[in-house]
Amino acid sequence: MKSNLFGGIPFNCGERYRLIKLVGTGAYGSVVLSFDQQNQNMKVAIKKLNQIEDVIDAKRILREIKIQRSMNHQNILKIYDIIYDKKTDRFGDIYIVSPYFPVDLDKIIKSSQELTVTQVQFIMYQLCKGLYYLHSSGSIHRDIKPGNILANEKCEVCYCDFGFARKYDELHDQFEENMTEYVVTRYYRAPEIMLSSQQYSKPVDIWSLGCTFAELMSRKTLFNAPNYIQMIKMFFNILGKPSDEELNQFVTNENAHSFLQTLPPKPKKPASNSVPYPDPKARDLLDQMLEINPKNRITAQKCLEHPFFESIRNQAEEITFAGNLECDFENDDSITLNNLKQLILIEINQIKAKNNEAQIIIEEEMKRLNLY
Ligand SMILES: Nc1ncnc2c1ncn2[C@@H]1O[C@H](COP(=O)(O)OP(=O)(O)OP(=O)(O)O)[C@@H](O)[C@H]1O
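Computed from a prediction, not measured in an experiment: that's the story for all the values here.

Visitor: Looking at this model, I keep getting lost on the packing of aromatic side chains. Mind explaining?
Guide: In this description, an aromatic ring pair is defined by two values, namely the gap between the centres and the angle between the planes. Inspection of the entire model under this criterion finds eleven aromatic pairs. Taking 5.4 Å as the distance between ring centres and 85° as the angle between the ring planes, the aromatic pair formed by W207 and F235 counts as edge-to-face. Of this pair, W207 sits in helix α5 (residues 203-218) while F235 sits in helix α6 (residues 228-239), and the two are 28 residues apart along the sequence. When sorted by exposure, W207 lands in the same class as F235, which is buried. Plain terms: the ring middles of F308 and F309 are 5.2 Å apart, the flat faces sit at 45° to each other, and that makes the pair tilted. Under the relative-accessibility criterion, F308 is labelled buried at 3%. Three or more aromatic residues link up through ring pairs in this structure, and these residues are Y125, F213, F308 and F309. Lying across the ring of Y28, R60 places its NZ or CZ 3.4 Å from the centre.

Structure (structure tokens):
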């Protein structure tokens, strides 16, 4: 295959795509704007994933591919194609081909481009539809923030970066895990994650989307505290401190409890008091999204029904997930790196099958992998 260097990284993804320029580098890969020469030179984004180093890496990649491949929604980044560039001495390189989006919401917020109320309404309606769909699949994104929402010039938006997403336990409607893994940008982290650390669910995404909404309105990060303690204080300064009884509903961590006892009571206030914005319906929706108590926070479905969207609402577009998303690997503590690599190859073959492309011969790849 012909190789091109972008930001010093070789891209070998075959003849079909004409690679143009590097448009982004993240912690887990580099993204190049390309033209699909077999599809009317359509613009696509090709993300080359960094090499898989360990089980955590492999799970993140498997999750990202599995979730994005299984979803079929306008506001969730699609995977058009995956290129697997075989190597003789190691697992091959993976390139994910997706629709190209020129900006993300973080860039829009930081630019001088003013967003009208109509644009904010349109963007938020799409994001609520996307979240309603994602949550109906039993998944939580867990890393919603302006930088993980791609946008085009028509203000069409979609969620990307599902490497941190999880299925929640449908029986308990919440799920537990070790907090040390939680690396999501602090500014968008829900209070229950900061305080209870053990049990959280879909409301964490509503909180993060609420923070994003506030940023679209005011162009400022609402909860921009420099550290953990300041962040909790800031929640209470802006929203008031819930009563002990209410805190008990979602704070399960003893240390967090003791710390909260040291903070003075503060009367409840709506988030919109701290976000200058003229539209009263937008402000009301924001207040319901930024409820400290996750049990009282609005759901994605209720967001769609909110009067802020009344003038543009189209219920036919408010669809739920129809497939079956199995993520058994998440809870399998004995799973090995090679097991996960095999599952990744199976996912890639699913995409290839859909595109009528030649399959990877998984047995051959696994035989080779087991040699080193
Ligand atoms: N489909 C796309 N179209 C255009 N640009 C994109 C697309 N996907 C990603 N990018 C750009 O590439 C950058 C890195 O991509 P992405 O966030 O997916 O990688 P990552 O390694 O998972 O990043 P992060 O470090 O944010 O977790 C993004 O910030 C974005 O600017």
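Visitor: Looking at this model, I keep getting lost on the sheet that holds strand β8 (residues 103-104). Mind explaining?
Guide: Pairing between sheet strands relies on hydrogen bonds along the backbone, with the strands arranged either parallel or antiparallel. Pairing is antiparallel across the open sheet formed by three strands, whose spatial order is β8-β10-β11. Bordering the open sheet on either side are β8 and β11 (157-159), each of which pairs with just one other strand. Inspection of the sheet shows β8 paired to strand β10 (residues 149-151) by two bridges, in the antiparallel sense. Opposite D104, over in β10, you have L150 as the bridge partner. Contacts from helix α3 (residues 117-136) reach β10 and β11 within the one sheet, and its direction differs from that of β11 by about 30°.

Visitor: What am I meant to see in the UniProt feature "binding site: ATP" (unreviewed entry) in the chain here?
Guide: Residues annotated by UniProt as "binding site: ATP" (unreviewed entry) correspond here to K48. Mapping K48 onto the fold places it in strand β5 (residues 42-49). Setting aside anything within four residues of it in sequence, one finds K48 in contact with I9, P10, F11, Y28, G29, S30, D93, I94 and Y95. In terms of polar contacts, K48 uses its side chain to reach the backbone carbonyl oxygen of P10, at 2.6 Å.

Visitor: Would you mind showing me how to read the pattern of salt bridges here?
Guide: One pass over the full model with this rule turns up 20 salt bridges. K107 is the salt-bridge partner of D104, the closest N and O atoms lying 3.7 Å from each other. Owing to a relative accessible area of 12%, D104 belongs among the buried residues under this scheme. Take K107: its relative accessible area is 47%, and that puts it in the partly exposed class. A single network of salt bridges, built from pairs that share partners, joins K48, D85, K87, R90 and D93.

Visitor: Looking at this structure, how should I read the packing of helix α1 (residues 55-70) against helix α11 (residues 337-354)?
Guide: The description of two helices packed together rests on the angle between their axes and the distance between the axes. The contact between α1 and α11 brings their axes to 9 Å, and the two run at 20°. One finds that α1 runs roughly parallel with respect to α11. When the axes of α1 and α11 are compared, the crossing they make is left-handed. Along its contact with α1, which presents V55, A58, K59, I61, L62, I65, K66 and R69, the element α11 presents L337, L340, L343, I344, E347, Q350 and I351. Among the residues forming the contact of α1 with α11, the class breakdown is ten nonpolar, one polar and four charged.

Visitor: Honestly, the layout of surface pockets in this entry has me stumped. Any pointers?
Guide: Where empty space is left in the structure can be found by rolling a water-sized probe over the atoms. Of the voids in this model, the largest pocket is the one considered here, and its volume is about 1200 Å³. Considering the residues around the largest pocket, the lining is formed by 47 residues, among which G26, Y28, K47, N148 and D161 are closest to the centre. For the lining of the largest pocket, the elements supplying multiple residues, two or more each, are β3 (17-25), β4 (29-36), β5, α1, β7 (93-99), β8 and α2 (105-110). Considering each element in turn, the lining of the largest pocket owes the most residues, eight residues, to α1.

Criteria and cut-off values
Residues numbered from 1 in each chain as written. Predicted model: local features only at pLDDT ≥ 70, side-chain atom pairs only at ≥ 80, totals over all residues. Heavy atoms only, no water. Phe/Tyr/Trp six-rings, centres within 6.5 Å; stacked < 30°, edge-to-face > 60°. Helix = DSSP H or I, 4+ residues; strand = E, 2+ residues; numbered from the N terminus. Buried < 20%, exposed > 50% of the residue type's maximum accessible area, 1.4 Å probe, protein only. Lys NZ or Arg CZ within 6 Å of the ring centre and 35° of its normal. Pairing = 2+ DSSP bridges. Contact = heavy atoms within 4.5 Å. Axes fitted to C-alpha atoms, helices over the stretch in contact; angles between N-to-C directions. UniProt positions renumbered as here; feature names shortened; annotations may be inferred. Polar contact = N/O pair within 3.5 Å; in protein donor to acceptor, adjacent residues only side chain to side chain. Salt bridge = Lys/Arg side-chain N within 4 Å of Asp/Glu carboxyl O. Parallel < 35°, antiparallel > 145°, perpendicular 65-115°, else oblique. Left-handed = near helix turned anticlockwise from the far one by under 90°. Nonpolar A, V, L, I, M, F, W, Y, C, P; charged D, E, K, R; others polar. 1 Å grid on protein atoms, 1.4 Å probe; cavity = no way out; pocket = protein on both sides within 12 Å on 5 of 7 lines; lining within 4 Å. Points joined across faces, edges and corners; volume = space filled by probe spheres on them.

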